[in-house]
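# Examining the three-dimensional arrangement
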Amino acid sequence: MPGAVGVLGTGTMGAGIVQVAARAGYRVVACDASEEALGKARRYVRSGLESFARRGALSEEEAEAALGRVRWTTAMEELAGSEAVIEAIVERVGPKKEAFAALDALLPPDALLLTNTSSISITELASATGRPERVCGAHFFTPPPLREAVEVVRGEQTSDETVERVRRLLSSFGKLPVVVRKDVPGFAANRLLMPVLLEAARLVEEGVASREEVDLLATRGLGFPLGPFQLADLIGLDVALDVISYVHEELGDPFYTPPRLLKNRVRSGRLGRKTGEGFYRHDGGGR
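Throughout, residues of each chain are indexed from 1 in the direction in which the sequence is written. For a predicted model such as this one, the threshold for reporting local features is a pLDDT of at least 70, and the threshold for listing and counting side-chain atom pairs is 80 or more; totals across whole chains, interfaces and linings nevertheless cover every residue. Hydrogens and waters are ignored; side-chain quantities use all the structure's heavy atoms.

### Focus on the domain arrangement of the protein chain
- For the domains described, the bounds stem from an automatic or database domain assignment. Assigned domains of the protein chain: these are domain 1 (4-180) and domain 2 (190-274).
- Here the C-alpha centre of domain 2 lies 26 Å away from the C-alpha centre of domain 1.
- Contacts are residue-level and defined by heavy atoms, with any inter-residue pair within 4.5 Å sufficient. Contact with domain 1, which involves 10 residues of that partner, is made by seven residues of domain 2.
- Note: buried area is the sum, over both parts, of the accessible area (probe 1.4 Å) each one loses when the two are combined. Approximately 780 Å² of surface area, both sides summed, lies buried where domain 1 meets domain 2, with 54% of it carried by carbon and sulfur atoms.
- In what follows, salt bridge is the name for a side-chain nitrogen of Lys or Arg lying within 4 Å of a carboxyl oxygen of Asp or Glu. At the junction of domain 1 and domain 2, the tally comes to one salt bridge.
- Here Asp242 and Arg92 are joined by a salt bridge, their closest N and O atoms 3.6 Å apart.
- For this analysis, a polar contact is any N or O atom pair within 3.5 Å, provided that within protein one partner can donate a hydrogen and the other can accept it, and provided that sequence-adjacent residues contribute only side-chain to side-chain pairs. The interface formed by domain 1 and domain 2 contains two residue pairs in polar contact (both at pLDDT 80 or more).

This is the structure we're talking about:
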């Protein structure tokens, strides 16, 4: 019988991870400081499981059982009995280190501290704890219930035992763990993805093509499932900007200078699907 898994942060990524773990049979403690975020996450998880049930991927009884395995809370103390906690809060170093220090003080010595960060140094986050050998990256992709691969990112002090435990945990979730052997800014996936978004933004800024035309070329020409602007809206423009900014700061490479087009959208609160508008409208109005 699977044990208990904690998820700290129940935004889009955190809620998706909650759904994945609960469906895999784990008892899940889903923690967020915001009651509003918890309410949205509950609806997300219920809707996701019901969608799988409608498609015949699981029965209605299995969907209800999975929902029943989730405990929603604003009290971090309720994570204390977890064998692993997956942090999925804002993509910024300061808040993540604070969260890791708090979790380190709360969890038993053999518990795993995992982070869903898509770019931030695992080594730096681990430095906020007294157990750096048990800190590891577990980077899920959007949306977690549908994307199979997960990056397993080791910090400088992450032990081989921890990497193997994380691999087993993710495999039990039905995922395909891919070990990233070096703790580099952006890891592997975002070092592939972010240059595509950067170049797409530059093409629009320079008047070479519109965002619709860039996405059309990517999907109908290059065979991508989503164009770079469509994908950015799905990920969240604020998240994309945080990742690009972090990689730019860490590498000092002018190539990763955040594009004005992206910065202006974020400053205006147009963050993608989660706000109803990013590079496109998502309220049915189209734009």
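### Some words on the sheet that holds strand E5 (residues 112-115)
- DSSP-based pairing: two strands are paired if at least 2 bridges between them are found. Helix and strand definitions here come from DSSP, where helices need a minimum of 4 consecutive H or I residues and strands a minimum of 2 consecutive E residues; each element is numbered from the N-terminal end. Read from one edge of the open sheet, eight strands run E3-E2-E1-E4-E5-E6-E7-E8, paired in mixed fashion. Each edge of the open sheet carries a strand with a single partner, namely strand E3 (70-73) and strand E8 (176-180). Mean inter-strand twist for the sheet, computed between neighbouring axes without regard to direction, equals 25°.
- Pairing analysis gives three bridges linking E5 to strand E6 (residues 135-139), with the strands arranged parallel. The residue of E6 that forms the bridge with Leu114 is Cys136.
- Structural elements are reduced to axes, namely lines fitted to C-alpha atoms, with helices fitted over the stretch in contact, and the angle between N-to-C directions of any two is expressed from 0 to 180 degrees. Of the strands in this sheet, strand E2 (27-31) and E3 are in contact with helix H2 (residues 35-54), which crosses E3 at around 160°.

### Brief notes about the packing of aromatic side chains
- Classification of ring pairs rests on two measures: the distance between centres of Phe, Tyr or Trp rings, Trp counted by its six-membered ring, which must be within 6.5 Å, and the angle between planes, read as stacked under 30 degrees, edge-to-face over 60 and tilted in between. Tallied over the entire structure, the rule returns three aromatic pairs.
- Our definition puts a charge over a ring when NZ of Lys or CZ of Arg is within 6 Å of the ring centre and also within 35 degrees of the ring normal. One residue, Arg23, lies across the ring of Phe52, its end atom 4.5 Å from the ring centre.
- The ring of Phe52 is capped by Arg55, whose NZ or CZ atom sits 4.8 Å from the centre of that ring.

### A look at unusual backbone geometry
- Geometrically, the link from Thr142 to Pro143 is a cis peptide bond, its omega value of -10° lying close to zero.
- Following the sequence through the fold, Pro143 ends up in the loop between E6 and strand E7 (149-154).

### A look at H2
- Given the number of residues in a helix, its expected span is that number minus one, multiplied by 1.5 Å. The end-to-end C-alpha separation of H2 is 29 Å, in line with the 28 Å expected for 20 residues at 1.5 Å each.
- Relative accessibility thresholds used throughout: buried, under 20% of the residue-type maximum; exposed, over 50%; partly exposed, between the two (1.4 Å probe, protein chains only). For H2, the complete set of buried residues consists of Ala37, Leu38, Gly39, Ala41, Val45, Gly48, Leu49, Ser51, Phe52 and Ala53.
- Buried residues belonging to H2 abut helix H1 (12-23), E2, helix H3 (60-68) and E3.
- Put simply, Ser34 is the residue that caps the front of H2, since its side-chain oxygen is 3.2 Å from the backbone nitrogen of Glu36.

### Topic: the environment of Leu216
- Tracing the sequence through the fold places Leu216 in helix H8 (residues 211-221).
- Separated by 10 residues in sequence, Leu216 and Leu226 have C-alpha atoms that sit 8.9 Å apart.

### Points about the UniProt feature "site: Important for catalytic activity" (unreviewed entry) in the protein chain
- Mapped onto the present numbering, the UniProt feature "site: Important for catalytic activity" (unreviewed entry) falls on His139.
- Tracing the sequence through the fold places His139 in strand E6.
- With sequence-adjacent residues up to four places away left out, His139 is seen in contact with Thr115, Asn116, Thr117, Ser118, Val150, Glu151 and Asn190.
- Here the side chain of His139 touches Glu151 through a polar contact of 2.7 Å, side chain to side chain. UniProt positions are given in the numbering used here, feature names are shortened, and annotations may be inferred rather than shown by experiment.

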